[in-house]
Amino acid sequence: MSDTAGIPPEGQGATGRPVGPGAGSSPSGRGTVRRRRRRWVWGVGLGVSLALVGAAAAGWAVYMKLEGNITPDEAAAAELARFEKDRPTALVKDALNILLIGSDSRAGAENGRYGRDPGTERSDTVILLHLSAGRRSATAVSVPRDLMVDVPDCRRPDGSRSAPMFAQFNAAFEVGGSACTVRTVEKLTDIRVDHHVVVDFKGFKDMVDAVDGVEVCLSEPIDDEDAHLHLPAGRVTLDGEQALGYVRARKTLGDGSDTGRIERQQRFLGALVNKVRSNGILLNPVKLYPVLDAATSSLTTDPELASLRGLYELVRGLRDIPAEGVQFLTVPRESYAGDVNRDQLAQPAAGKLFERLRKDEPVRVDTDSERKATEKETTAPADSASPAPAFSGNTAAEDTCA
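From a predicted model like this one, the values you see are computed outputs, not experimental measurements.

**Structural notes on the overall build of the protein**
Stage number 1. Check the secondary structure of the protein and you find eleven helices and 17 strands.
Stage number 2. Across the 402 residues of the protein, 41% fall into the buried class.
Stage number 3. Long-range pairs, those at least 24 residues apart, make up 66% of the contacts in the protein between residues at least 6 apart in sequence.
Stage number 4. Accessible surface for the protein amounts to roughly 22200 Å². Of this, 54% is attributable to carbon and sulfur atoms.

**Notes on the nonpolar core**
Stage number 1. L99, L147, F169, V331, L353 and F354 are the most contacted members of the largest nonpolar core, which totals 33 residues.
Stage number 2. Every element with two or more residues in this core is listed here: helix 2 (74-82), strand 2 (96-103), strand 3 (123-131), strand 5 (148-151), helix 4 (171-189) and helix 10 (349-358).
Stage number 3. Looking at which element gives the most residues to this core, the answer is helix 4, with seven residues.
Stage number 4. Core analysis: the second largest hydrophobic core is formed by 26 residues, F204, V216, I222 and L238 among them.

**Digging into the packing of aromatic side chains**
Stage number 1. Across all of its chains, the model carries three aromatic pairs by this definition.
Stage number 2. Judged by centre distance (6.0 Å) and plane angle (55°), the ring pair of F166 and Y336 falls under tilted. Here F166, found in strand 6 (residues 165-168), pairs with Y336, found in strand 14 (residues 333-336); they are 170 residues apart in sequence, far enough to count as distant.
Stage number 3. F166 gets classed as partly exposed once you look at its relative accessible area, which sits at 43%.
Stage number 4. With 6.5 Å between their ring centres and 50° between their planes, Y246 and F268 make a pair best called tilted. Taken together, the residues Y246 in helix 6 (residues 240-248) and F268 in helix 7 (residues 258-278) connect sequence positions 22 residues apart.

**Some remarks on the pairing of strand 4 (residues 138-142)**
Stage number 1. Buried residues dominate strand 4, accounting for five of its five residues.
Stage number 2. In strand 4, alternate side chains face the same way, and those of A138, A140 and S142 on one face and T139 and V141 on the other are all buried.
Stage number 3. In terms of strand pairing, strand 4 meets strand 13 (residues 326-330) through five bridges, oriented parallel. Counterpart to S142 in the pairing with strand 13 is T330.

**Some words on the environment of D209**
Stage number 1. Relative to the helices and strands, D209 is located in helix 5 (residues 201-210).
Stage number 2. Along the backbone, D209 and A243 are 34 residues apart, and their C-alpha atoms lie at a distance of 9.4 Å.
Stage number 3. With residues up to four places along the chain from it excluded, the contact list for D209 reads D239 and G240.

**Observations concerning helix 10**
Stage number 1. Within helix 10, burial applies to A350, L353, F354, R356 and L357. Axial view of helix 10: buried residues confined to an arc of 160°, hence all on one face.
Stage number 2. A positive backbone phi angle near 60° is found at D360, which sits one or two residues after helix 10.

**Details of the side chain of S162**
Stage number 1. By the element assignment, S162 lies in the loop between strand 5 and strand 6.
Stage number 2. Since its relative accessible area comes to 9%, S162 is described here as buried.
Stage number 3. Apart from the residues within four sequence positions on either side, S162 is in contact with P152, D153, C154, R156 and V175.

**Thoughts on the pattern of salt bridges**
Stage number 1. For the coordinates displayed, the defined rule picks out 15 salt bridges.
Stage number 2. The salt bridge involving R192 is made with E84; its shortest N-O contact spans 2.9 Å. On the criterion of sequence distance, the pair formed by R192 in the loop between helix 4 and strand 7 (195-199) and E84 in the loop between helix 2 and strand 2 is long-range, its members being 108 residues apart.
Stage number 3. The partly exposed category is assigned to E84, whose relative accessible area is 36%.
Stage number 4. In this structure, the salt-bridge partner of R356 is E361, at a minimum N-O distance of 3.6 Å.

Definitions and cut-offs
- Once a new chain begins, its residue numbering starts again from 1 and follows that chain's sequence as written.
- Restriction of local features to residues with pLDDT of at least 70 applies here, the model being predicted, together with a cutoff of 80 or more for giving and counting side-chain atom pairs; totals for whole chains, interfaces and linings are based on all residues.
- Side-chain descriptors were evaluated using all non-hydrogen atoms of the structure, hydrogens and water having been removed beforehand.
- Helical segments are the DSSP runs of H or I of at least four residues, strand segments are the runs of E of at least two, and each set is numbered from the N terminus.
- Working definition: with a 1.4 Å probe on protein chains only, accessible area under 20% of the residue-type maximum means buried, over 50% means exposed, and in between means partly exposed.
- Whether two residues touch is decided by their heavy atoms; if any such pair falls within 4.5 Å, the residues are in contact.
- Using a 1.4 Å probe, the Shrake-Rupley method yields the accessible areas, and only the shown protein chains count as cover for residues.
- Nine residue types can take part in a nonpolar core, namely buried Ala, Val, Leu, Ile, Met, Phe, Trp, Tyr and Cys, and a core is a set of them joined through side-chain atoms within 4.5 Å.
- Stacked, tilted and edge-to-face pairs are distinguished by plane angle, under 30 degrees for stacked and over 60 for edge-to-face with tilted covering the rest, among Phe, Tyr and Trp rings (Trp via its six-membered ring) whose centres lie within 6.5 Å.
- By definition, two strands form a pair when at least two bridges between them are found by DSSP.
- Picture the helix axis, draw a direction to every C-beta atom, and the arc is the one those directions span.
- Between Lys or Arg on one side and Asp or Glu on the other, a salt bridge is scored when a side-chain nitrogen of the former is within 4 Å of a carboxyl oxygen of the latter.

Here is the structure:
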């Protein structure tokens, strides 16, 4: 028998099938499988890498857009720095006081719909938001625009300086903008304002629309031509335009006083807080983006807060505060002796409130439901422990229809 018997011809395998560079190094073809697998893994890896790069680029573009929306209030920062030695000292580390200013500016096409632009603006709404150390609670204190206060000398928009004056509180914003308002609040309360935020009409409307409206409860129908409001009684979901009219209306809703308007604003903000929390907006990027876009587009803040990181750090501390821990009240005040249409601080209640906020001590809000529940209760025994003083207000946990 030949020595070559049983050996397949050159170029064929044991089964007579062709072999060569494309057939692998073994009769089973495992080399081919390995090479195909390597090509597939490499392709998938490249696709994933490109997707991640694309997502990162898109994420960066979104971040930069939102970051660029915020307007840093550099002029106010410079003015406040000038008077740093005269400003109050923060007493409690990690507690924060943020001044929220709603501007009635008519500048721009959107804001111009609400009246002629006189070239100036006043603070339509001012709220001092106190966040406790450890973020156990958030207390929002409204400062009435008709409150008579001492306004310090302030830098006007044209660079000149105003003289100190005794005037309505909202004149401070008209004279010297946010810096003058911050200094006036600090002079009034002796509380250090850590940050300030200014929002105009358009920004407020956009925020409400971004969360698909906010539900309120109306005890009676509203038919207000000036506020462009025509609403039925009961539970009603307000869009941005309706919400703006609702929180600004004064003459035709309630008793026509600024007190009623402030209480309406506070209840609306409580409902807005609940809407954001109940819809899971903070944890849903699809829902969160339009809210962030609307919010950042409408904000003018101190430079330290004028970034997504700064705003995120602020919001992150609010996520775990329970609804009943978000409180709304108004500074204790009474009719001003010189004009019954103006207010002045009611002492000693106002002083006690400011002291508790300054020291980051608990503030107890006496809500409508609590007042009704305790109307028939007797006073506490004389030897019982004295509770923290209560201030009339409400919390975000209250149901306005209850």
